[in-house]
Amino acid sequence: MLKRVGIALVAVALVGGISALPSVAKSKKHHCTVDLTVRLAQVAVNSGSPPASGSSTNAGTVDGKVCGKAFHGALRALTTYPAPGSFTVKAVSFGPLGSTIAKGSGTGTANPDGSFSVSGSTQTTGGTGSTKGATGSATFTGTQPKDSNVVTEHVVGTLNY
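Residues numbered from 1 in each chain as written. Predicted model: local features only at pLDDT ≥ 70, side-chain atom pairs only at ≥ 80, totals over all residues. Heavy atoms only, no water.

## Re the packing of aromatic side chains
Short version of the rule: In summary, the pairing rule links any two rings of Phe, Tyr or Trp, Trp by its six-membered ring, whose centres are within 6.5 Å, and it sorts them by plane angle into stacked for under 30 degrees, edge-to-face for over 60 and tilted for everything else. Helical segments are the DSSP runs of H or I of at least four residues, strand segments are the runs of E of at least two, and each set is numbered from the N terminus. Only protein chains enter the calculation, and the probe is 1.4 Å; a residue is then buried if its accessible area is under 20% of its type maximum, exposed if over 50%, and partly exposed in between.
Per the counting criterion, the structure on display carries one aromatic pair. With centroids separated by 6.5 Å and ring planes inclined at 40 degrees, the aromatic side chains of phenylalanine 87 and phenylalanine 140 adopt a geometry described as tilted. Separated by 53 residues along the polypeptide, phenylalanine 87 in strand 4 (residues 86–95) and phenylalanine 140 in strand 7 (residues 135–144) bring together distant segments of the chain. Take phenylalanine 140: its relative accessible area is 3%, and that puts it in the buried class.

Here it is, written out as structure tokens:
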């Protein structure tokens, strides 16, 4: 059960998927919305016993819309578990035109049917390519079905670049 919760808790990496924007002049500033679906799985336990303690490496896909345009990318995340049911994350997403860096935190809850629910928030802290210097924020909710190793989350937020 703890391994399943650990996979679900990495969900906070979501806003990292916001790097598929066209190049713009450095003097321009844009503010737009993000609406993404993220699917994540734990690929390695780095230390401790996630999610009770320690950290894990996670990988996944990101699909949806960023600034009204279709986005398809990937992400990796380092998730740390300071206490059972809570997590922090540092994530990097990779899209067609660059990468985006994000950090965040959230909580995970075991449900009576054996599934898990996650929720939290993220902050975009930088990027490369077309989102160099990006900032933003988002919230997410997600679920991991019983007997699955993949958590699916819905992320909604804003992006400034």
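## Comments concerning the state of the cysteines
Threshold: Note on terminology: disulfide denotes any pair of cysteine sulfur atoms within 2.5 Å.
According to the stated counting rule, one finds one disulfide in the structure shown. A sulfur-sulfur separation of 1.7 Å characterises the disulfide bridge that pairs cysteine 32 with cysteine 67. One end of the pair, cysteine 32, is in strand 1 (residues 31–47); the other, cysteine 67, is in the loop between strand 2 (55–66) and strand 3 (69–83), and 35 residues separate them in sequence. What makes cysteine 32 buried here is its relative accessible area of 13%.

## Digging into the pairing of strand 7
Quick note on the threshold: By definition, two strands form a pair when at least two bridges between them are found by DSSP.
Here strand 7 shows a buried face lined by Gly136, Ala138, Phe140, Gly142 and Gln144 and an unburied face lined by Thr135, Ser137, Thr139, Thr141 and Thr143. Two strands pair when backbone bridges link them, and strand 6 (residues 116–127) and strand 7 are joined in this way by nine bridges, in the antiparallel orientation. When the sheet's bridge partners are listed, valine 118 is paired in strand 7 with glycine 142.

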